[in-house]
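So the chains spell out like this:
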Amino acid sequence: MQIKIIKNIFLLSLSYIFLVGCTNIVEHKISVSKGENLITPYSGFLAGWHVSVENKENYHSSMWQHPIHGFKDAYVISVTLPKNKKIAYFRQVIDQPGYDACVEFTTLTLESLPNELHPSEIWQTNCKKKNGSEAKILHLMLLGKDSFYHVQKIWQDSFISSEIEQWQSRFKQIYLCDSRATVTVCPDVYSL
């Protein structure tokens, strides 16, 4: 009799786990938020990277660090409230610390679309410091109506040209959409 009761409890537990597990699949479907959205269609590989999030009143930042290399191989998305400035202003503000801190600093524009619905620019900076270390940062900035977006891929001391080219291609896939607008349709599901 007790074995029969234990079997029934076990079967009920399995059934419950199965049903709850199946309903969770639907609940974890990510959908686009109402309003402006940054779409990054390639970010699935970041699973396993260490993520840290910073939230302030007018600033949000998410940083993914490689599980082995840490900050020497990082990916960062920063979102701030927009100012009534042109995209060239933001580029100058972002590059200025490199001019100030590096022995050699270069900045190279890869793509500039200042007259689009959401103006954007992709560029790469290279910094050599006094101690001999070197850093490359690939930047993307997008100027939306609700926010200003700055995406970075950071490499320090170890650079593979093919990887940098792959990231340049990934950055060109990023875009903004607005669920309130009829232009630039937002997807139903995305990865950020």
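Residues numbered from 1 in each chain as written. Predicted model: local features only at pLDDT ≥ 70, side-chain atom pairs only at ≥ 80, totals over all residues. Heavy atoms only, no water.

K.L.:
Run through the packing of aromatic side chains, naming residues and quoting values.
P.N.:
What characterises a pair of aromatic rings is the spacing of the ring centres plus the angle enclosed by the ring planes. If you walk through the whole model with that rule in mind, you get six aromatic pairs. Seen in terms of ring centroids, Tyr-75 and Trp-167 are 5.3 Å apart; in terms of plane orientation they differ by 40°. Their pairing is tilted. You can see Tyr-75 sitting in strand S4 (residues 70–80) and its partner Trp-167 sitting in helix H3 (residues 161–171), a full 92 residues away along the chain. Trp-167 carries the same exposure label as Tyr-75, and that label is buried. With 4.1 Å between their ring centres and 15° between their planes, Phe-90 and Phe-148 make a pair best called stacked. (Phe/Tyr/Trp six-rings, centres within 6.5 Å; stacked < 30°, edge-to-face > 60°. Helix = DSSP H or I, 4+ residues; strand = E, 2+ residues; numbered from the N terminus. Buried < 20%, exposed > 50% of the residue type's maximum accessible area, 1.4 Å probe, protein only.)

K.L.:
Can you explain the nonpolar core? Please cite residues and give values.
P.N.:
Formed by 20 residues in total, the largest nonpolar core has its most connected members in Leu-38, Tyr-75, Val-151, Phe-171 and Ile-174. Within the residue set of this core, elements represented by two or more residues are S4, strand S7 (134–143), strand S8 (148–156) and H3. For Val-151, the residues in contact, after removing those within four places along its chain, are Leu-38, Tyr-75, Val-76, Ile-77, Leu-138, His-139, Leu-140, Phe-171 and Ile-174. Judged by nonpolar contacts, the second largest core, of six residues, contains Ile-87, Phe-90, Trp-123 and Leu-143. (Core = buried A, V, L, I, M, F, W, Y, C linked by side-chain atoms within 4.5 Å. Contact = heavy atoms within 4.5 Å.)

K.L.:
Would you mind going over helix H2 (residues 87–101) in detail, with residue names and values included?
P.N.:
At Asp-95, H2 shows its maximal bend, which comes to roughly 35°, and the proline Pro-97 appears one to four places after that position. Of the residues making up H2, those classed as buried are Ile-87, Phe-90, Arg-91, Asp-95 and Gly-98. Those residues of H2 that are buried are in contact with strand S5 (104–113), strand S6 (120–128), S7 and S8. (Bend = angle between axes of the 7 residues up to and from the residue.)

K.L.:
How would you explain the pattern of salt bridges if you had to name every residue and give the values?
P.N.:
The final tally for this structure, using the stated rule, is seven salt bridges. Put simply, Asp-73 and Lys-153 hold a salt bridge, and the shortest N to O gap is 2.2 Å. Of this pair, Asp-73 sits in strand S4 while Lys-153 sits in strand S8, and the two are 80 residues apart along the sequence. The buried category is assigned to Asp-73, whose relative accessible area is 10%. The partner of Arg-180 in a salt bridge is Asp-178, with the nearest N and O atoms 2.8 Å apart. Judged by its relative accessible area of 11%, Asp-178 is buried. Residues participating in the shared-partner salt-bridge network are Arg-91, Asp-95 and Glu-121. (Salt bridge = Lys/Arg side-chain N within 4 Å of Asp/Glu carboxyl O.)

Purely spatial values, then, with no claim about function.
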